[in-house]
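Descriptive analysis of the structure
Residue-level listing of the chains:
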Amino acid sequence: MTVLESFYFLRPAGGLLLLTWVVLLGLWYWSGYVPAQSRAIAPHLLVHLRLPRNTLHGWFRPIPVTTLVVIIATLVLMGPGWRQQPSAPAENQTPLVLLLDASETMTQTDVAPSRLQRAKHKISDLLALQPDRAAALIVYAGSAHEVLPLTRDHALIRRYLEAVAPPIMPLAGKLPEETLPLVDAVLQQSVNPASVLLLTDGPGTDSHAVFADYFRGRGHQLLILGI
């Protein structure tokens, strides 16, 4: 049954061609049509002029040959295809937690169009490469805030991402370690180890030590993407 579920037709309506031919054959058979030559030749002579049914040449007659052509044409017209079934184990079950630096230094334009916009583009590209992966978004400056919990709705993540800017942050500064309690809260929704991606133009003073201590023994993977 799995094999049959993978088989499909691009244009199933093309099967009407074969149905039409079957209907025409039925009408022709039930009408009792007799060819004109059969009516003009005496029956005892006509028997000797017809090809025997048990010979190979008897198969190559108009009706069987036309039926075969109609069947082939119908299959071509319907466009048979084979649908590749998605493999559930192949999906990436590792949640992704995005930590986005929204501090004032991210507005600098030494990286066009700005450091913050470049970070947003990288997030969009990453989500596009893994459309089925659950992701969460946390932003920070002097304080950290959960924008979205784990979700597979990447379009929603992109919409919220566009609104992220330093003016919406309540506290100025650059304290990525403030995101760690929020990471804990987000990952309570998942039983799998997570990948945590930090996008920043530079960590805080004590960030390296705090992050190293947090990720030690937890099974999560920390990735830092410098902008």
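Okay, so let's go over this structure. (Residues numbered from 1 in each chain as written. Predicted model: local features only at pLDDT ≥ 70, side-chain atom pairs only at ≥ 80, totals over all residues. Heavy atoms only, no water.)

Considerations on a nonpolar patch on the surface
A contiguous nonpolar patch, built from Leu 16, Leu 19, Val 23, Leu 24 and Leu 27 and spanning about 490 Å² of accessible area, is present on the exposed surface. Relative to the elements of secondary structure, Val 23 occurs in helix H2 (residues 16–30). (Patch = residues over 30% accessible without salt bridge, like charges linked within 9 Å, V, L, I, M, F, W, Y side chains within 5 Å. Areas by Shrake-Rupley, 256 points an atom, 1.4 Å probe, with all protein chains shown as cover. Salt bridge = Lys/Arg side-chain N within 4 Å of Asp/Glu carboxyl O. Helix = DSSP H or I, 4+ residues; strand = E, 2+ residues; numbered from the N terminus.)

A look at the sheet that holds strand E7 (residues 221–226)
With respect to topology, 5 strands assemble into an open sheet ordered E5-E4-E3-E6-E7, the strand pairing being mixed. Either end of the sheet is taken by a strand with one partner, and the two such strands are strand E5 (144–151) and E7. The mean inter-strand angle of the sheet, taken between neighbouring strand axes irrespective of direction, is 15°. One ladder, built from 5 bridges, connects strand E3 (residues 96–101) with strand E6 (residues 195–200); its direction is parallel. Residue pairing across strands places Leu 100 opposite Leu 199, the latter belonging to E6. Packed onto the sheet, helix H6 (residues 115–129) meets E3, strand E4 (135–140), E6 and E7 and runs at close to 170° relative to E3. Set on the sheet, helix H7 (residues 154–162) makes contact with E3, E4 and E5; between it and E5 the angle comes to about 165°. (Pairing = 2+ DSSP bridges. Axes fitted to C-alpha atoms, helices over the stretch in contact; angles between N-to-C directions. Contact = heavy atoms within 4.5 Å.)

Re the nonpolar core
The biggest cluster of nonpolar side chains holds 21 residues, and the ones touching the most others in it are Leu 98, Leu 100, Ala 119, Ile 123, Leu 137, Val 139 and Leu 199. For this core, the elements supplying multiple residues, two or more each, are E3, H6, E4, H7 and E6. A total of 4 residues in this core trace back to one element, the largest contributor, which is H6. Apart from residues no more than four positions distant in its own chain, Leu 100 is found in contact with Leu 116, Ala 119, Ile 123, Leu 137, Ile 138, Val 139, Tyr 140, Leu 161, Val 164 and Leu 199. Counting 17 residues, the second largest nonpolar core, distinct from the first, contains Ala 136, Tyr 140, Leu 150 and Leu 187. (Core = buried A, V, L, I, M, F, W, Y, C linked by side-chain atoms within 4.5 Å. Buried < 20%, exposed > 50% of the residue type's maximum accessible area, 1.4 Å probe, protein only.)

Regarding the pattern of salt bridges
All chains considered together, the criterion is met by 6 salt bridges. With a closest N to O distance of 2.5 Å, Asp 101 and Lys 174 form a salt bridge. Taken as a pair, Asp 101 in strand E3 and Lys 174 in the loop between H7 and helix H8 (180–186) lie far apart in primary sequence, 73 residues in all. Judged by its relative accessible area of 0%, Asp 101 falls in the buried class. Arg 218 is paired through a salt bridge with Asp 184; the nearest N and O atoms lie 3.3 Å apart. Linking Arg 218 in the loop between helix H9 (207–215) and E7 with Asp 184 in helix H8, this pair joins segments that are 34 residues apart in sequence. With relative accessibility at 40%, the residue Arg 218 sits in the partly exposed group. A network of salt bridges, in which partner residues are shared, links Asp 101, Asp 110, Arg 115, Lys 174 and Asp 201.

Any functional reading would require information beyond the geometric quantities listed.
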